[in-house]
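Single-letter residue listing:
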Amino acid sequence: VQLQAFGGGLVQAGGSLRLSCAASGRTFSSYTTGWFRQAPGKEREFVAAITWNGGNTSYADSVKGRFTISRDNAKNTVYLQMNSLKPEDTAVYYCAARQSIVVVTFAAHYRYWGQGTLVTVSS
């Protein structure tokens, strides 16, 4: 499966962005999908994940209550709604997918990755 992440940009602190992860190549509806981010000089970290049917989600503590992951399997797309953005949310955001029926939070467990989209939050 091929993934393409888009929707990043420059936003002021307190603002919102919605990232999209569009999939092609295989039946995306059978894949658990996650969002990860990597800030300059830091390791890639887990942000959020959602199971193939949207029945289960998981979030990093740093984004709970501010970010929401969702999916539309009819459109082969997973979304990350980001509200109340903070400067520390600045990073390149990646989407990833793997065949699974459970939420997956470890980057090493994902097989497919998108190219990343840059989110910059100014103070």
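For every chain, the first residue of the written sequence is number 1, and numbering continues from 1 onward in sequence order. Local features are withheld for residues below a pLDDT of 70 in this predicted model, meaning they are given only at 70 or higher, and side-chain atom pairs are given and counted only at 80 or more; totals for whole chains, interfaces and linings count all residues. The basis for the side-chain values is all heavy atoms of the structure; hydrogens and waters are excluded.

A.B. asks: Please provide a residue-by-residue account of the overall build of the protein chain, values included.
C.D. replies: Each helix corresponds to a stretch of at least 4 residues labelled H or I by DSSP, and each strand to a stretch of at least 2 residues labelled E; elements are numbered beginning at the N terminus. The secondary structure content of the protein chain amounts to zero helices and eleven strands. Its helices and strands in sequence order give the protein chain the pattern β-β-β-β-β-β-β-β-β-β-β, from N to C terminus. Compactness check: the protein chain gives a C-alpha radius of gyration of 13 Å against a globular reference of 14 Å for 123 residues, within 12% of the reference. Each principal axis of the C-alpha distribution contributes one length, and for the protein chain these read about 40 × 25 × 25 Å. Between the two quantities, the radius of gyration covers C-alpha atoms and the globule rule is 2.2 Å times the number of residues to the power 0.38.

A.B. asks: Hey, could you go over the nonpolar core for me, with residue numbers and the actual values?
C.D. replies: Among the nonpolar cores identified, the biggest contains 37 residues, and Leu3, Trp35, Leu80, Met82 and Tyr93 are the most heavily contacted of them. For this core, the secondary-structure elements that each account for two or more residues are β1 (2-6), β3 (17-24), β4 (31-38), β5 (45-50), β7 (67-72), β8 (77-82), β9 (91-99) and β11 (117-122). We call two residues contacting when some pair of their heavy atoms lies within 4.5 Å. Contact partners of Leu80, with chain neighbours within four places excluded, come to Leu17, Arg18, Leu19, Trp35, Val47, Ala48, Phe67, Thr68, Ile69 and Tyr93. In plain words, nonpolar cores are sets of buried Ala, Val, Leu, Ile, Met, Phe, Trp, Tyr and Cys residues tied together by side-chain atoms within 4.5 Å. Three exposure classes are used, based on accessible area relative to the maximum for each residue type with a 1.4 Å probe and protein chains only: buried under 20%, partly exposed in between, and exposed over 50%.

A.B. asks: Help me get a handle on unusual backbone geometry, residues and values and all.
C.D. replies: In this model, Asn76 sits at a positive phi of 55°, which is unusual for a non-glycine residue. Phi at Ser84 takes a positive value of approximately 50°, unusual for a residue other than glycine. Its place among the elements puts Ser84 in the loop between β8 and β9.

A.B. asks: Please set out the environment of Ser20 residue by residue, giving values where relevant.
C.D. replies: As for its position among the elements, Ser20 is in strand β3. Note on Ser20: relative accessible area 7%, which makes it buried. Put simply, Ser20 and Ile69 are 49 residues apart on the chain and 9.8 Å apart in space, counted from C-alpha to C-alpha. Setting aside its immediate chain neighbours within four residues, Ser20 contacts Gln4, Ala5, Phe6, Trp35, Thr77, Val78 and Tyr79.

A.B. asks: Any details on the state of the cysteines? Residues and values, ideally.
C.D. replies: Counting rule for disulfides: a pair of cysteine sulfur atoms within 2.5 Å. Under the definition given, this model contains one disulfide. One disulfide in the model links Cys21 with Cys95; its S-S distance is 2.2 Å. Across the S-S bond of Cys21 and Cys95 the torsion is about 70°, and the bridge reads as right-handed. Taken together, the residues span a long stretch of sequence, with Cys21 in strand β3 and Cys95 in strand β9 at a distance of 74 residues. What makes Cys21 buried here is its relative accessible area of 0%.

A.B. asks: So what's going on with the pattern of salt bridges? Which residues, and what values?
C.D. replies: Side chains that differ in charge, positive against negative, can pair when their charged atoms come close. Any Lys or Arg side-chain nitrogen found within 4 Å of a carboxyl oxygen on Asp or Glu counts as a salt bridge. Summed over the entire model, instances satisfying the criterion amount to four salt bridges. The residue Glu45 makes a salt bridge to Arg37 at a minimum N-O spacing of 2.6 Å. Note on Arg37: relative accessible area 5%, which makes it buried. A salt bridge links Asp89 to Arg37; the shortest N-O distance between them is 2.9 Å. Of this pair, Asp89 sits in the loop between β8 and β9 while Arg37 sits in strand β4, and the two are 52 residues apart along the sequence. Overlapping salt bridges bring together Arg37, Glu45, Arg66 and Asp89 as one network.

A.B. asks: Any details on the sheet that holds β7? Residues and values, ideally.
C.D. replies: Strand pairing is assigned whenever DSSP detects at least two bridges linking the two strands. The antiparallel open sheet is built from four strands, whose spatial order is β1-β3-β8-β7. Edge positions in the sheet fall to β1 and β7, since each of these pairs with one other strand and no more. The mean inter-strand angle of the sheet, taken between neighbouring strand axes irrespective of direction, is 15°. Bridge count for β7 against β8 is six bridges, and the pairing is antiparallel. Its bridge partner being in β8, Ile69 is matched across the sheet by Leu80. Comment: axis = line fitted to C-alpha atoms, over the contacting stretch for helices; angle = value between 0 and 180 degrees taken between N-to-C directions.

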